[in-house]
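Read off the chains here:
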Amino acid sequence: MMQRTGAGRRAEIAGAGIGGLTTAAALAQRGWSVTVHERAPTLRTFGAGIYIWSNGLRVLRAIGAYDEATIGAHVGPQFHTRDHNDTTMEEIPINGPGDARLITILREQLINTLVDTCRKSGVEILTGSAAVGATAEGELLLEGGERRKADLVVGADGINSNVRDSLDLMMYRKHLGYGAIRMLIPRDDNDVPPEDRDRYIEYFTGSRRILYTPASASDLYVALCCAADDAEALKVPADRKLWTQSFPHLANLVARFGDAGRWDAFEVVKLKQWSKGRVAILGDAAHAMPPYLGQGGGCALMNGLALAAAITDAPDIEAALAEWEARERPLTEHTQDTAERLGDMNFWPDDIRSEVLKITGRSAEIGAVRMKTARHIPTATEAFA
């Protein structure tokens, strides 16, 4: 971990998610006094898996969270995209010499690790503490009327951010007409053929997808993706008969879905600017994106660490925040835009999608665009490249 001196400075952070906790740990390790406010009464998170690519892994190393976060992680050999005939359209090599690294873990494990890292670094974490807004002068406003003055306020309070909205920073928020039921179930050797068990696989049929993601030796993360107006497909519990009809080759897997799951709509958020006065916005509050590149968490990790590095010793917090945004926002918006374009294929006819993806899957140029963020060396992680 890089240690620098920010002694005497104070940060108040709204939101104990990936972005808020990463920022908190990185600031505390640089000498700041930091308090994180979490609206929920506990720090538990929804049961699901999460993809962490090379860029995110470097951030975890930089804040000293890597070893704990990756305990029991799944390291797959390839990422496959399959069509309605279960034919591979694209195969992305990963985790080999010269490839981008990709691991999958439980989201709960990542959050718990970041919480542990924060506490070891001296961060105060308050649960049941809801932020209702902020002032540009550097006050976090809490439910009940308390005003917490700080050198820096961070709004990492999710897509419905009160901090962001209190400062009128929204440019637009776009619903993409698509989403997913996410669930976590035990792994079973009969779910897929033996050669596919350790792969990450995305299956298409019509406007529906199933994402198969081993998240540990015993846990399988599944996402059932469909259009937001596909009323039968987005029901929770999942309609096993309907999903089996769409994906008959996954009948064994579908039969085990049970009653678990939660529907989440995919959205894109873009802001007029990422900061106002002494307040910075990050994570889904600033740059929510669809999950097609597996980089929502990665961007939150990168931007949180970069924020801490930018302002730690800066004589002018507001100027440092502007420089942080100028440096980090272009890659984040590249990631958002690329992910959004990938979502267009959800509504293509099966045969057309299959042929297009077979062609694009052989294009090194298109592959480089999609993998740009995964291969990126984030700010303040150069020693861990």
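Let me begin by describing the structure that accompanies this report. (Residues numbered from 1 in each chain as written. Predicted model: local features only at pLDDT ≥ 70, side-chain atom pairs only at ≥ 80, totals over all residues. Heavy atoms only, no water.)

1. A word on the pairing of strand β8 (residues 131-135)
Now for step 1: Counting buried positions over the 5 residues of β8 gives 4, a clear majority of the element.
Now for step 2: Adjacent in sequence and paired antiparallel, β8 and strand β9 (residues 139-142) are bridged by 3 residues, among which Gly138 carries a positive phi angle near 105 degrees. (Buried < 20%, exposed > 50% of the residue type's maximum accessible area, 1.4 Å probe, protein only. Helix = DSSP H or I, 4+ residues; strand = E, 2+ residues; numbered from the N terminus. Pairing = 2+ DSSP bridges.)

2. Brief notes about the packing of aromatic side chains
Now for step 1: Counted according to the given criterion, the structure contains 8 aromatic pairs.
Now for step 2: On the basis of an interplanar angle of 15 degrees and a centroid distance of 6.0 Å, the ring pair of Trp243 and Phe247 is categorised as stacked.
Now for step 3: Residue class for Trp243 comes out buried when judged on its relative accessible area of 0%.
Now for step 4: Overall, Phe247 belongs to the buried group, its relative accessible area being 0%.
Now for step 5: Note on Phe266 and Tyr292: the rings are 5.7 Å apart at their centroids and 80 degrees apart in plane angle, and the pair reads as edge-to-face. Of this pair, Phe266 sits in strand β16 (residues 262-271) while Tyr292 sits in the loop between α8 (284-287) and α9 (296-311); the two residues are 26 residues apart in sequence, bridging distant segments of the chain.
Now for step 6: Site record: aromatic cluster; members linked through ring pairs are Tyr178, Phe266, Tyr292 and Phe347.
Now for step 7: Its guanidinium or amino end placed over the ring of Tyr66, Arg61 lies 3.7 Å from that ring's centre, counting from NZ or CZ. (Phe/Tyr/Trp six-rings, centres within 6.5 Å; stacked < 30°, edge-to-face > 60°. Lys NZ or Arg CZ within 6 Å of the ring centre and 35° of its normal.)

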